[in-house]
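# Coordinate analysis (summary)
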Amino acid sequence: MDRQHYSTLDLQAFPAHVRDHIIPEYSGNCVYECIACDYTASLDRFLYTCPACGSLLKITDRSFGELKKIPGPVWREIFDYRALVRVEALQGIFLFKELLFPAIPLQDVIYLGEGHTALVRANAQLGRYVGSGFFIKNDGFNPSASFKDRGMASAVSFIKYSIRTRGLTEVLGICASTGDTSAAAALYLSYLDRSIVKSVVLLPKGRVTPQQLSQPLGSGAVVLEVPGVFDDCMRIVEQLAETYQVCLLNSKNPIRIMGQKSYAYEVARQLGYKTDDLTVVVPVGNAGNVTAIMEGFLDMHRLGIIEELPHILAVQSRHANPVALWRSSGSYAPVAVRPSVAQAAMIGDPVSFPKVRALVASDFDDRFTCIDVDEQEIIESMLQANRCGCVVCTQGGESIAGLRSALAHGLVSPERTFVVDSTSHQLKFSNFQQLYFDNAFAPEYEITARSGLVNAPVQLAASAGAVADYLGLKKK
Ligand SMILES: *Cc1c(COP(=O)(O)O)cnc(C)c1O
Ligand SMILES: [Zn+2]
């Protein structure tokens, strides 16, 4: 987009050293790159795995070094001043466009309100429960109510760009999902031209919540329910993506990872770029999110925008814990999952695990801890947080339980700054809250309700007297 388009902006009002960077013009030199062999390809096609060796792909900006011409502190100012301008494409995750995914021209950026989610300080009571003060970054405050919107904003912007530049007349977006990927994919795809773009989601029957099921239905997607768990759905869409002309929207699509890096950029910015004592606590399912968060912090570190890489505390349920077992035993093997209230992370063979292993080996070796927690701890951490003014889903509960356990076992110092990722909205998982309140979990969950956390509506006659009697109110 040429600058004239922004002629209504008074760029002269900004300091001279940032003025020319407010509207990003840098488009980089982004290519697909295999993480295992030396295969590379340009972005003029949709690719999900390496055609040469079958490994995962990542997107690399070969001109990234050019960005170092701007000092880190100036980048910080650029983002702050850019946040003041009213350019739609820069309102969301593309505020960080040069780092995030510079290949997408602003005219193709889709903005549905994603990103810049709140960083909320846990109150004193919740801090005492966990064993340290901490912040919750609430990614439930995204348009489809989970962090998946970040990656979908980049992946679907890329689809829009591809339709325009390659003249595509038919695109079928498809994903497997534990609930939130399909909600986000269906939402973002439904924003594009319906005569060109169709969306299909594959869900494990009975393993997404009613709210999550309602989301892609409401967006008009074709919703396919199949027996099994997420890993079974993932295998099907992987085969479809190998053989047929479909656009895969799982985090195996490396362009999803680009958008999800924004979580790291935002955390850094919200903390004034002070990351030297930072630990980010992340629930891990398919391991796309934790990969993106590490990559995002690496980008900022390479450009001198932050001085220190943070520590990562990855958390899993004991019912779906392949990454935690890898970290404790040193060897990786897929696990058979058992039912988990952190259902969105209930994955036994995370697709992005090879990326996690590579990032830990290269840059995060002494900065990456992964622990697993009980189902009882997960649901009770969620309930405790929600009783303390927070809006936390079961995966957020998983993160909080992980931090609590790590503090109790001396794996992390309470002196650090903690940012806990609550990855979706509490309301998506209210069925699990209800199962707890009714003490009605199936035995496989291994959850027993304790009365102190149970709540239920009270039935009363429609009169002030009945209410006053029930509450034991005193007369004035
Ligand atoms: C997808 C999802 C996760 C797991 O993220 P991965 O990138 O698959 O590790 C955690 N929480 C919620 C709410 C999710 O939707
Ligand atoms: Zn390869």
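In this report, we go over the structure that sits alongside the text. Fair warning: this is a prediction, and the values are worked out from it, not measured in the lab.

### Considerations on the overall build of the protein
- The helix and strand tally for the protein stands at 17 helices and 13 strands.
- In summary, the protein has a C-alpha radius of gyration of 23 Å against a globular reference of 23 Å for 476 residues, a match within 12%.
- Along the first, second and third principal axes, the C-alpha set of the protein runs to 70 × 50 × 50 Å.
- Across the 476 residues that make up the protein, the buried fraction comes to 57%.
- Partitioning the intrachain contacts of the protein with sequence separation of at least 6 by distance along the chain shows that 73% fall at a separation of at least 24.
- Here the protein displays about 19,600 Å² of accessible surface, and carbon together with sulfur accounts for 50% of that area.

### Details of the pairing of strand β1 (residues 30–34)
- With 4 of 5 residues buried, β1 is to be regarded as a mostly interior element.
- For β1 and strand β3 (residues 57–61), the ladder comprises 5 bridges, and the chain directions are antiparallel. Paired with Y32 across the two strands is I59, which belongs to β3.
- With 2 bridges connecting them, β1 and strand β2 (residues 40–41) associate as antiparallel partners. Bridge pairing in β2 links Y32 to A41.
- The antiparallel pairing of β1 with β2 creates a hairpin that spans 5 residues between the two strands.

### Here's the deal with the packing of aromatic side chains
- Within this structure, the stated rule accounts for 14 aromatic pairs.
- Both rings, one in F14 and one in Y81, keep their centres 5.6 Å apart while their planes meet at 90°; by these two values the pair is edge-to-face. Of this pair, F14 sits in the segment before α1 (16–19) while Y81 sits in helix α2 (residues 72–82), and the two are 67 residues apart along the sequence.
- You can call F14 buried: its relative accessible area is 10%.
- Residue Y81 is classed as partly exposed on the basis of its relative accessible area of 26%.
- With 4.0 Å between their ring centres and 15° between their planes, Y332 and F353 make a pair best called stacked. Note that Y332 is positioned in the loop between α12 (322–329) and α13 (353–362) and F353 in helix α13, a separation of 21 residues in sequence.
- Connected via pairs of aromatic rings, a cluster forms that spans F46, F101, F158 and Y161.
- Cation over ring: R166 sits above F46, and NZ or CZ is 4.7 Å from the ring centre.
- The positively charged end of R404 is found above the aromatic ring belonging to Y129, 3.9 Å away from the centroid.

### Considerations on the packing of helix α6 (residues 180–189) against helix α7 (residues 210–218)
- Packing of α6 against α7 brings their axes to within 8 Å, and their N-to-C directions diverge by 20°. As judged from the angle between their axes, α6 and α7 are roughly parallel. Between α6 and α7 lies a crossing of left-handed hand. Taken together, the residues of α7 that come into contact with α6 (itself represented by D180, S182, A183 and A186) are Q212, Q215 and P216.

### Description of the environment of V171
- Mapped onto the elements of the fold, V171 is located in strand β6 (residues 171–176).
- Ignoring any residue separated from it by four or fewer positions in sequence, one finds V171 in contact with I159, I163, I196, V197, K198 and C247.

### As for helix α14 (residues 375–386)
- For α14, which comprises 12 residues, the first-to-last C-alpha distance of 17 Å matches the rise-based estimate of 16 Å (1.5 Å per residue) to within 8%.
- In terms of burial, α14 is largely enclosed, as 10 of its 12 residues are buried.
- When α14 is considered as a whole, its buried residues turn out to be E375, I378, I379, E380, S381, M382, L383, Q384, A385 and N386.
- Contacts from the buried residues of α14 go to α4 (124–130), β11 (311–317), β12 (368–373), α15 (394–408) and α16 (430–437).

### Some remarks on the nonpolar core
- In terms of nonpolar packing, the biggest core is built from 116 residues, with Y32, F101, L249, V290, F297, I312 and F368 touching the most fellow members.
- A total of 8 residues in this core trace back to one element, the largest contributor, which is helix α5 (residues 148–166).
- Residues contacting I312, with those up to four places away along its chain left out, are V280, V282, V290, I293, M294, F364, R367, F368 and T369.
- Residues F134, I379, V412 and V420 belong to the second largest nonpolar core, which totals 39 residues.

### Observations regarding the sheet that holds strand β13 (residues 417–422)
- Taken together, 6 strands build an open sheet; the order of strands is β4-β5-β13-β10-β11-β12 and the sheet is mixed. At either end of the open sheet lies a strand with only one pairing partner, and these are β4 (119–121) and β12. Between one strand axis and the next, the sheet turns through 25° on average, direction left out of account.
- Pairing between β11 and β12: 6 bridges, direction parallel. Looking across to β12, one finds that L313 is bridged to T369.
- Sheet strands in contact with helix α11 (residues 288–302) are β10 (278–283), β11, β12 and β13, and its direction is about 155° off that of β10.
- Packed onto the sheet, α15 meets β5 (135–138), β10, β11, β12 and β13 and runs at close to 150° relative to β13.

### Re the coordination of the zinc ion (ligand 2)
- Listed as protein donors to the zinc ion (ligand 2) are C34 (SG), C37 (SG), C50 (SG) and C53 (SG); their distances from the metal cover 2.3 Å.
- Geometry at the zinc ion (ligand 2) is tetrahedral, judged from the 4 donor atoms that bind it and their angles of 101 to 118° at the metal.
- Look at where the donors of the zinc ion (ligand 2) fall in the sequence and you get C-x2-C-x12-C-x2-C. A residue pair is termed long-range when its members are at least 10 positions apart, and C34 in strand β1 and C53 in the loop between β2 and β3 qualify at 19 residues.

### Quick word on the sheet that holds β6
- One open sheet holds the 4 strands; their spatial order is β8-β7-β6-β9, and the pairing between them is parallel. Of all the strands in the sheet, just β8 (222–226) and β9 (247–248) have a single pairing partner and so form its edges.
- Bridge count for β6 against strand β7 (residues 197–204) is 6 bridges, and the pairing is parallel. Across the sheet, residue L172 finds its bridge partner in β7, namely K198.
- Here α7 sits on the sheet in contact with β7 and β8, set at roughly 145° to β8.

### A closer look at the site of ligand 1
- Taken together, 13 residues lie near ligand 1, and K148, D180, N286, N289 and T423 sit nearest.
- Taking 380 Å² as the accessible area of ligand 1 by itself, protein coverage stands at 98%.

Conventions used here
In this convention, every chain numbers its residues from 1, walking through the sequence in written order. Both sets of labels track the order of writing: A upward for chains, 1 upward for ligands. Selection of residues for local features in this predicted model requires a pLDDT of at least 70, selection of side-chain atom pairs for listing and counting requires 80 or more, and totals for whole chains, interfaces and linings are taken over all residues. Heavy atoms from the whole structure form the basis of all side-chain values; hydrogens and water molecules are not counted. Strands here mean DSSP runs of E at least two residues long; helices mean DSSP runs of H or I at least four residues long; both are numbered from the N terminus. The atom set for the radius of gyration is the C-alpha atoms, and the globule formula is 2.2 Å times the number of residues raised to the power 0.38. Burial classes: relative accessible area under 20% of the type maximum marks a residue as buried, over 50% as exposed, and values in between as partly exposed (1.4 Å probe, protein chains only). The contact criterion used is simple: two residues touch if any of their non-hydrogen atoms lie within 4.5 Å. Where accessible areas are quoted, they stem from the Shrake-Rupley method and a 1.4 Å probe; at the residue level, only the protein chains shown are allowed to cover. Between any two strands, pairing holds if DSSP finds at least two bridges. Centre distance within 6.5 Å is the pairing criterion for rings of Phe, Tyr and Trp, where only the six-membered ring of Trp is used; planes under 30 degrees apart are then read as stacked, over 60 as edge-to-face, and the remainder as tilted. Look at NZ for Lys and CZ for Arg. If either is within 6 Å of the ring centre and within 35 degrees of the ring normal, a charge sits over the ring. Fitted lines through C-alpha atoms give the axes, limited to the stretch in contact for helices. The angle between two N-to-C directions lies from 0 to 180 degrees. Any angle that is under 35 degrees is reported as roughly parallel, and any over 145 degrees as roughly antiparallel; angles of 65 to 115 degrees are reported as roughly perpendicular and all others as oblique. Left-handed is the label given to a crossing in which the near helix is rotated counterclockwise from the far helix by less than a right angle, and right-handed is the label when the rotation is clockwise. Expected span of a helix: the number of residues minus one, times 1.5 Å. Nonpolar cores were defined as sets of buried Ala, Val, Leu, Ile, Met, Phe, Trp, Tyr and Cys residues, with membership established by side-chain atoms within 4.5 Å. Nitrogen, oxygen and sulfur within 2.8 Å of a metal are treated as its donors, or within 3.2 Å for sodium, potassium and calcium (Na, K, Ca); water is not counted, so a site can appear incomplete. Think of it this way: with four donors and all angles in the 85 to 135 degree range, the site is tetrahedral; with four or six donors, opposite ones beyond 155 degrees and the rest between 65 and 115, it is square planar or octahedral; otherwise it is irregular. Here a residue counts as near a molecule or strand whenever at least one of its heavy atoms sits within 4 Å of it.

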